[in-house]
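Summary of the model geometry
Letter by letter, the chains look like this.
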Amino acid sequence: GMEQALVIRQSDVKQDWMVELNGDRLGQLFLMEADVVHVLPVPPGAIREGRNELRISTRTPEDIVISGIELVDASREQFLSEARLQVTIRDGRDQPLPARITVLDENEFLPPLLVDQGARLAVRPGVIYTGDGRVGVGLPSGKYTIHATRGPEYSLGTEQITIPAGETGVVEMTLKREVSTEGWVAVDTHIHTLTLSRHGDATLQERM
């Protein structure tokens, strides 16, 4: 048998939820309240002939929403590199601009994104932080809305794009400075970093 992927559309997950297939652990749901598409690898031979049981359970009861479960005949990596998204963000002077990119699928769920090894990006489901205004990620093919922002000082960029399998979707946006902060320095002095504080989930590398 070949490796497959289990694609789960989940919402409102605030606790640890185990995902088991025929009594074997596949992994867990992604700990996030937003609408997220979560993909777990299914090892070769895990699906049996006839009846299979998928169990999603938690020790601490809570309400969650599972709005779709699909078994895909591709490995997790193959499914997440079906298409590619390339984004470039610039400022009004045509200079590269650090930004947060948010990607939403056509159901407004945050899709899973595949980052190249060694890429200097911080990535979560549907969200990418780039320090140099450039982003390249793998993702399932489909129709997406891309938002780009650099906080309240700048405008918001939004673009829609359909990326077929095997293609690269290219998005270029210019964000305009809306608020002058000349003579001021902006800094966030309270940032938890998992590497040092054991709080949150950001690594030192991502923070930098």
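Residues numbered from 1 in each chain as written. Predicted model: local features only at pLDDT ≥ 70, side-chain atom pairs only at ≥ 80, totals over all residues. Heavy atoms only, no water.

1. Digging into the environment of Ile 101
The test is simple: Labels follow the DSSP assignment, with helices taken as runs of H or I lasting at least four residues and strands as runs of E lasting at least two, numbered in each case from the N terminus. Throughout, a contact is declared for two residues whenever any of their heavy atoms are within 4.5 Å.
In this fold, Ile 101 is placed in strand E8 (residues 99-105). Sequence separation between Ile 101 and Ala 119 is 18 residues, and the spatial gap between their C-alpha atoms is 15 Å. Non-local contacts of Ile 101, meaning those with residues more than four positions away in its chain, are made with Val 87, Ile 89, Gly 126, Val 127, Ile 128, Thr 130, Val 135, Ile 146, His 147 and Ala 148.

2. Focus: the sheet that holds strand E1 (residues 4-11)
Heads up, the rule is: Here the rule is simple: two strands pair whenever DSSP picks up at least two bridges between them. Between N-to-C directions, angles span 0 to 180 degrees; the directions come from axes that are lines fitted to C-alpha atoms, helices contributing only their stretch in contact.
Strand order across the open sheet formed by three strands is E4-E1-E6, with antiparallel pairing between neighbours. On the outer flanks of this sheet lie strand E4 (36-42) and strand E6 (65-72), each paired with one strand and no other. Ignoring which end each strand starts from, the neighbouring axes of this sheet average 20 degrees apart. Note that E1 and E4 share seven bridges and pair antiparallel. Within E4, the position partnered with Gln 10 by the bridge is Val 36.

3. With respect to the packing of aromatic side chains
This is how it is decided: Each Phe, Tyr or Trp ring (for Trp, its six-membered ring) is paired with any other whose centre lies within 6.5 Å, and the angle between the two planes then decides the class: stacked below 30 degrees, edge-to-face above 60, tilted in between. Here, a charge over a ring is recorded when the distance from Lys NZ or Arg CZ to the ring centre is within 6 Å and its angle to the ring normal is within 35 degrees.
If you walk through the whole model with that rule in mind, you get zero aromatic pairs. Note that Arg 9 overlies the ring of Phe 109, its terminal NZ or CZ placed 4.9 Å from the centroid.

4. Some points on the pairing of strand E3 (residues 24-28)
Look at any regular strand and the pattern is simple: side chains alternate between the two faces of the sheet. Two elements, strand E2 (residues 18-21) and E3, share four bridges in a ladder whose sense is antiparallel. For Leu 21, the partnering residue across the bridge sits in E3 and is Asp 24. A loop of two residues connects E2 with E3, the two strands running antiparallel in sequence, and Asn 22 in this loop sits at a positive phi of about 50 degrees.

5. So, the environment of Ser 67
Short version of the rule: Relative accessible area decides the class of each residue, using a 1.4 Å probe on protein chains only: under 20% of the type maximum gives buried, over 50% gives exposed, and in between gives partly exposed.
With respect to the helices and strands, the residue Ser 67 is situated in strand E6. The class of Ser 67 is partly exposed, set by a relative accessible area of 47%. Taking the C-alpha atoms as reference, Ser 67 lies 19 Å from Pro 41; in sequence the two are 26 residues apart. When sequence neighbours within four positions are dropped, the list of residues in contact with Ser 67 reads Arg 9 and Phe 109.

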